[in-house]
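Breakdown of the fold
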Amino acid sequence: MASDNSSNDDLLLQQLKDFDESKAGIKGLVDAGITKVPPICIIPPKDRISQEPSAGNIPVIDLSDIIVKRDEVVEQVRQAAGTVGFFQVVNHGIPNELMDEMIEGVRGFHNLPKEEKAEYYTREPLRNVKYFSSFNLYESRYAAWRDTMFCEMANLDPQELPLVLRDISLRYSNQASKLGITLFELLSGALGLKSNHLVELGVMKGYLLVNHFYPPCPEPELTIGKVAHSDGCFLTILLQDQIGGLQILSDDKWIDIAPVPGALIINVGDFLQLVSNDKFISVKHRVLAKKEGPRISVGCFFRDISRESLDKVYEPIKELTSDENPPIYRGTSVKDYVAGFFRQGLFNGAYNGLEYLKL
């Protein structure tokens, strides 16, 4: 029996390697005309997800009156970030046309011929721009039902970006960064701090632009678009199309987040929960595979991963702690967090990068 298991593991590993080396991604499997989910994409039965819709909602915050009704908006942000960890923003200043263009740019890249996309396919950690399927492909032992383009925008030479994504990625990320400043000012106010406190902490020094492409799936109940996880950053701004599939864990139940036309989804990341000493919460979320598609999303993740800042230690903000409210977490650097996240969290099924930092 042990020999059979070992042979099966060896076969699966070889299939994963063949898939990875093809550089065609999940879309390549779909383009080949598959009618069933291949073995490398099938998740263990215990991890499979009900496809039945689970009704729910998250707060929708209107930023149009941010000057006149700032205190009211700050309170809405405080409530949302402190109790749900997710909210949607409307009238946020990024034109609908620009968001649509960003979605179409992502679609354009993933619809390129395999040979053109293959030039960007890599698992090299120091590459600013990389295209791949399932960053933890070999550790998880299956391929999630999505393809990804990852762009480290802070130190990027625009020529590194594919032409179809170059101009729109720069224009969209510039607008997302401006919105990020507004959101961090509101979050600072919600913590009772000066409006520039979080920005001066360095939360805006680096950001990743990550697009996900989820092709239509013939058997969505057998696989997953993105496993349950929390975001290892300060804050995420998520642009998505209207197909849906995002779920968050709220009150121990998974609920669907229905797309709102023109809205952007905002969620608290692990580092913001850490520095706020649990005033804000970073919650688990996941993405279902769906028969409809492709689903497209674009996430802007604020986290400084520059080489010179990897050892900078972040800890609960002193103004938010006291003898009665002591620090909940020990300080950590981005480098140590990422190492601990992979070692203690993501790959042992906990999917939580903060648990191992608790004092």
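To start, this report covers the structure provided alongside it. Everything quoted here is computed from the prediction, not taken from an experiment. (Residues numbered from 1 in each chain as written. Predicted model: local features only at pLDDT ≥ 70, side-chain atom pairs only at ≥ 80, totals over all residues. Heavy atoms only, no water.)

Another point: empty space enclosed by the protein. In this approach, a probe sized like a water molecule rolls over the atoms, and the result shows the empty space that is left. By the definition in use, this model includes three cavities of 30 Å³ or more. Taken as a whole, the largest cavity holds about 170 Å³ of empty space. Lining of the largest cavity is provided by 19 residues; of these, Lys226, His229, Leu238, His285 and Phe301 occupy positions nearest its centre. Listed by contribution, the elements that provide at least two residues to the lining of the largest cavity are strand 5 (207-214), strand 6 (226-229), strand 7 (235-240), strand 10 (264-268), strand 11 (285-287) and strand 12 (295-302). Residue composition of the lining of the largest cavity, by class: nine nonpolar, seven polar and three charged. If you add up the space inside the second largest cavity, you get close to 40 Å³. Lining the second largest cavity are Met102, Met149, Cys151, Leu165, Ser169, Leu209, Asn211 and Val298. Residue assignment for the lining of the second largest cavity shows that the elements contributing at least two residues are strand 4 (147-152), helix 7 (163-190) and strand 5. (1 Å grid on protein atoms, 1.4 Å probe; cavity = no way out; pocket = protein on both sides within 12 Å on 5 of 7 lines; lining within 4 Å. Points joined across faces, edges and corners; volume = space filled by probe spheres on them. Helix = DSSP H or I, 4+ residues; strand = E, 2+ residues; numbered from the N terminus. Nonpolar A, V, L, I, M, F, W, Y, C, P; charged D, E, K, R; others polar.)

The buried fraction of strand 4 is high, at six of six residues. The side-chain alternation of strand 4 yields two buried faces, one formed by Asp147, Met149 and Cys151 and the other by Thr148, Phe150 and Glu152. Relative to strand 4, strand 3 (residues 129-132) runs antiparallel, the two sharing four bridges. Each residue of the ladder has a partner; that of Tyr131, found in strand 4, is Met149. (Buried < 20%, exposed > 50% of the residue type's maximum accessible area, 1.4 Å probe, protein only. Pairing = 2+ DSSP bridges.)

Turning to the pattern of salt bridges, a few remarks are in order. Enumeration over the complete set of coordinates arrives at 11 salt bridges. Among the ionic pairs, Asp31 bridges to Lys27, the shortest N-O distance being 2.8 Å. Taken together, the residues span about one helical turn, with Asp31 and Lys27 both in helix 2 (residues 25-31) at a distance of four residues. For Arg171, the salt bridge goes to Glu101, with nearest N and O atoms at 2.4 Å. One end of the pair, Arg171, is in helix 7; the other, Glu101, is in helix 4 (residues 96-110), with 70 residues separating them in the sequence. Its relative accessible area of 36% is what places Glu101 among the partly exposed residues. Connected through shared salt-bridge partners, Glu101, Asp167 and Arg171 make up one network. (Salt bridge = Lys/Arg side-chain N within 4 Å of Asp/Glu carboxyl O.)

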